[in-house]
Amino acid sequence: MPRYEYRCRPCGETFELSRPMAESSAPASCPSGHEDTVKLLSTVAVGGSAASAPASAPAAGGGGGGCCGGGCCG
């Protein structure tokens, strides 16, 4: 279940809630009981890096896939 981050306007506390995506915009009370909260934009962390992925060389004859390499161009 996704976690969403919220900030309470009256006390300034930032808190997280786990809830279904369909309820991400539903009102959320802070742990102190205040109702005036806003959902914060979150960043997504993805593991791995492009440098660790092996590079693939095009096949002999230039058939590297894609539109023109795959033969869909005239």
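Residues numbered from 1 in each chain as written. Predicted model: local features only at pLDDT ≥ 70, side-chain atom pairs only at ≥ 80, totals over all residues. Heavy atoms only, no water.

Honestly, the sheet that holds strand β2 (residues 14-18) in this entry has me stumped. Any pointers?
Pairing between the strands of a sheet comes from backbone hydrogen bonds, and it takes one of two forms, parallel or antiparallel. Read across the sheet, three strands follow the order β2-β1-β3 without closing on themselves; strand pairing throughout is antiparallel. Two strands lie at the open edges of the sheet, namely β2 and β3 (37-39), each paired on one side alone. Direction aside, neighbouring strands of the sheet carry axes that sit 35° apart on average. Here strand β1 (residues 3-8) runs beside β3; their pairing, made up of three bridges, is antiparallel. The residue of β3 that forms the bridge with Cys 8 is Thr 37. (Pairing = 2+ DSSP bridges. Helix = DSSP H or I, 4+ residues; strand = E, 2+ residues; numbered from the N terminus. Axes fitted to C-alpha atoms, helices over the stretch in contact; angles between N-to-C directions.)

Hey, could you run me through the pairing of β2 in this one?
Two faces make up the sheet, and in a regular strand the side chains alternate between them. In terms of strand pairing, β1 meets β2 through five bridges, oriented antiparallel. Bridging across to β2, Tyr 6 finds its partner in Phe 15. Adjacent in sequence and paired antiparallel, β1 and β2 are bridged by five residues, among which Gly 12 carries a positive phi angle near 80°.

All quantities given are derived from atomic positions and should not be read as evidence of function.
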